[in-house]
Amino acid sequence: MPAPANLPEPREARCVDVDFSVAFRHRLRFTHDVLGADSQVLADLLESSETRVPRVQFWVDEHVADANPDLKQRLHSFARKHSERFHVIGNPQIVPGGELVKNDVHILERMLKVFHEADMDRRSYVVVIGGGAVLDAVGFAAAIAHRGLRLVRIPTTTLAQADSGIGVKNGVNLFQKKNWLGSFAVPWGVINDRALLSTLSDRDFRCGFSEAVKVSLLKDAEFFDRILGDAASIAIRGSACWPVIERSAQWHLRHITSGGDPYEMLEARPLDYGHWSAHKLEAMSNFELRHGEAVAIGVAIDTIYSSFVHGLPRADADRVLLVLERLGLLMDHPALQLTDELFQGLEEFRQHLGGRLTLTMLEAIGHPINVHEIDRPRMVEAIQAVTDRVAVVNSASESSRGRSFS
């Protein structure tokens, strides 16, 4: 039957696909005292645009504020010193530290209200001082306000300075799942400051080096050897820790800026080596485990599994466990016995990225591979090998610390 005369002739569907890229600049700085002798570094990041004096807000982790009673005064002094360059709006905003700030979505709402009441805009700066969880939560609020305020991160933990503070991910926890609500946003700047690590507990200081071990296993065998050799010094906060933090940060920066997938659009998340179990262990322990401790356990598990299934030399896997021991990060936890629940972390990991399950494993130190299936019985063996190794370390003499798990 012919088409009615008053209708247009049918036309072929047309598709227009255009690849394009957006230029970003990642500004990473290393300082000794960012609110003292190096304050100019922060001031220079808070640049004005179009002759307009920008508005600035400071957000501070309450743990950092409690450990540094003079921090508010130092921020006020910084603001007065550079008052001709920017306007600091209100007093520093204090938010809960640790996972608490990410577990309560009402805190996120409060952040947005404060931004709104201060008339923050896309050329305003949010300067956040704190650990990784606070950087994540405040960063997410900044990323969604006006579709993005300028964020300057000042990480105050070794974990954040070596890893998460460098990244482009922000988020909060929801539905009892880590980082379920979040965004990708390149920070305007990141300042890794030594002075702000001085009040960090020894436990939290050590935690950051699990991410340094992780990135060395993925990227740089020579770097791994250096961490292994310096692990005893690092564990007691010796001078060897600073080059390790800086090199880890630079490797994470290189991966983000040159790795070809900063927003994780592909299947693999290589920088999340060991994290499928780490994220689940944190939740299963009700966040009793620090993120760095959970990552150390997860790295140990996947390293042993890699030696069981993917050809990683047993001697190299043993060296990985040895460096985690020397750093004081290799530990057991009762959650490791709840394997059915722990294995739910695999599906949560897949869902978070979408598509098929893709995990990074190791063929050799510095040579990662992507896998799409897990041999569950062998993974259970790997988990048990970690708990057995910890038991040996806890009960054996000093001479048995290098004993192989095989």
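Refer to the structure above for everything that follows.
Residues numbered from 1 in each chain as written. Predicted model: local features only at pLDDT ≥ 70, side-chain atom pairs only at ≥ 80, totals over all residues. Heavy atoms only, no water.

## Brief notes about the overall build of the chain
What the chain contains, in helices and strands, is 16 helices and eleven strands. Computed over the C-alpha atoms, the radius of gyration of the chain is 23 Å, within 12% of the 22 Å expected from 2.2 N^0.38 for a compact globule of 406 residues. Dimensions along the principal axes, computed over C-alpha positions, put the chain at roughly 85 × 70 × 35 Å. When each of the 406 residues of the chain is scored for burial, the buried share is 53%. A separation of at least 24 residues holds for 76% of the contacts in the chain among residues at least 6 apart in sequence. Counting every atom, the chain has about 19100 Å² of accessible surface; 50% of that belongs to carbon and sulfur. (Helix = DSSP H or I, 4+ residues; strand = E, 2+ residues; numbered from the N terminus. Rg over C-alpha atoms; globule rule 2.2 N^0.38 Å. Buried < 20%, exposed > 50% of the residue type's maximum accessible area, 1.4 Å probe, protein only. Contact = heavy atoms within 4.5 Å. Areas by Shrake-Rupley, 256 points an atom, 1.4 Å probe, with all protein chains shown as cover.)

## A word on the packing of helix H12 (residues 275–284) against helix H15 (residues 339–353)
The packing of two helices is summarised by the inter-axis angle and the distance between the axes. For the pair H12 and H15, interaxial distance at closest approach is 8 Å and the crossing angle is 120°. Relative to H15, H12 is oriented oblique. For H12 against H15, the interelement crossing comes out right-handed. Contacts from His-275, Trp-276, Ser-277, Lys-280, Leu-281 and Met-284 of H12 reach H15 at Glu-341, Leu-342, Phe-343, Gln-344, Gly-345, Leu-346, Glu-348 and Phe-349. Residues belonging to the contact of H12 with H15 are distributed by class as follows: seven nonpolar, four polar and three charged. (Axes fitted to C-alpha atoms, helices over the stretch in contact; angles between N-to-C directions. Parallel < 35°, antiparallel > 145°, perpendicular 65-115°, else oblique. Left-handed = near helix turned anticlockwise from the far one by under 90°. Nonpolar A, V, L, I, M, F, W, Y, C, P; charged D, E, K, R; others polar.)

## Examining the pattern of salt bridges
What the rule picks out here adds up to 21 salt bridges. Salt-bridge contacts for Glu-99 lead to Lys-178; the nearest nitrogen and oxygen are separated by 3.0 Å. Residue Glu-99 is found in the loop between strand E4 (93–95) and helix H4 (100–103), and its partner Lys-178 is found in strand E8 (residues 177–184); the two are separated by 79 residues along the sequence. Take Glu-99: its relative accessible area is 16%, and that puts it in the buried class. Note on Lys-178: relative accessible area 16%, which makes it buried. A salt bridge links Glu-348 to Lys-280, with the nearest nitrogen and oxygen atoms 2.8 Å apart. Of this pair, Glu-348 sits in helix H15 while Lys-280 sits in helix H12; the two residues are 68 residues apart in sequence, bridging distant segments of the chain. The network of salt bridges with shared partners includes Glu-99, Lys-178 and Glu-282. (Salt bridge = Lys/Arg side-chain N within 4 Å of Asp/Glu carboxyl O.)

## Looking at a nonpolar patch on the surface
A cluster of nonpolar residues, Val-16, Val-18, Phe-20, Val-22 and Phe-24, forms a patch on the protein surface that exposes about 610 Å² of accessible area. Of note, Val-18 is situated in the segment before strand E1 (28–31). (Patch = residues over 30% accessible without salt bridge, like charges linked within 9 Å, V, L, I, M, F, W, Y side chains within 5 Å.)

## So, the side chain of Glu-293
Relative to the helices and strands, Glu-293 resides in helix H13 (residues 291–309). By relative accessible area, Glu-293 is classed as buried at 5%. Setting aside residues up to four positions removed in sequence, Glu-293 forms contacts with Arg-203, Cys-207, Glu-288, Leu-329 and Met-331.

## Some thoughts on the environment of Asp-225
Within the secondary structure, Asp-225 sits in helix H10 (residues 221–235). Along the primary structure Asp-225 and Val-64 are separated by 161 residues, whereas in three dimensions their C-alpha atoms are 33 Å apart.

## Focus on the state of the cysteines
A complete count under the given rule lists zero disulfides for this structure. Just so you know, Cys-207 is unpaired, no disulfide at all, and the nearest cysteine sulfur is the one on Cys-241, 14 Å from it. Note on Cys-207: relative accessible area 3%, which makes it buried. Since its relative accessible area comes to 0%, Cys-241 is described here as buried. (Disulfide = S-S within 2.5 Å.)

## Focus on the side chain of Asn-170
Mapping Asn-170 onto the fold places it in strand E7 (residues 169–174). In this structure the side chain of Asn-170 is engaged in a polar contact, spanning 3.1 Å, whose partner is the side chain of Arg-153. In this structure Asn-170 touches Leu-135, Asp-136, Gly-139, Phe-140, Ala-143, Leu-151, Arg-153, Leu-181, Gly-182, Ser-183, Phe-184 and Ala-185, once residues within four positions along its chain are discounted. (Polar contact = N/O pair within 3.5 Å; in protein donor to acceptor, adjacent residues only side chain to side chain.)

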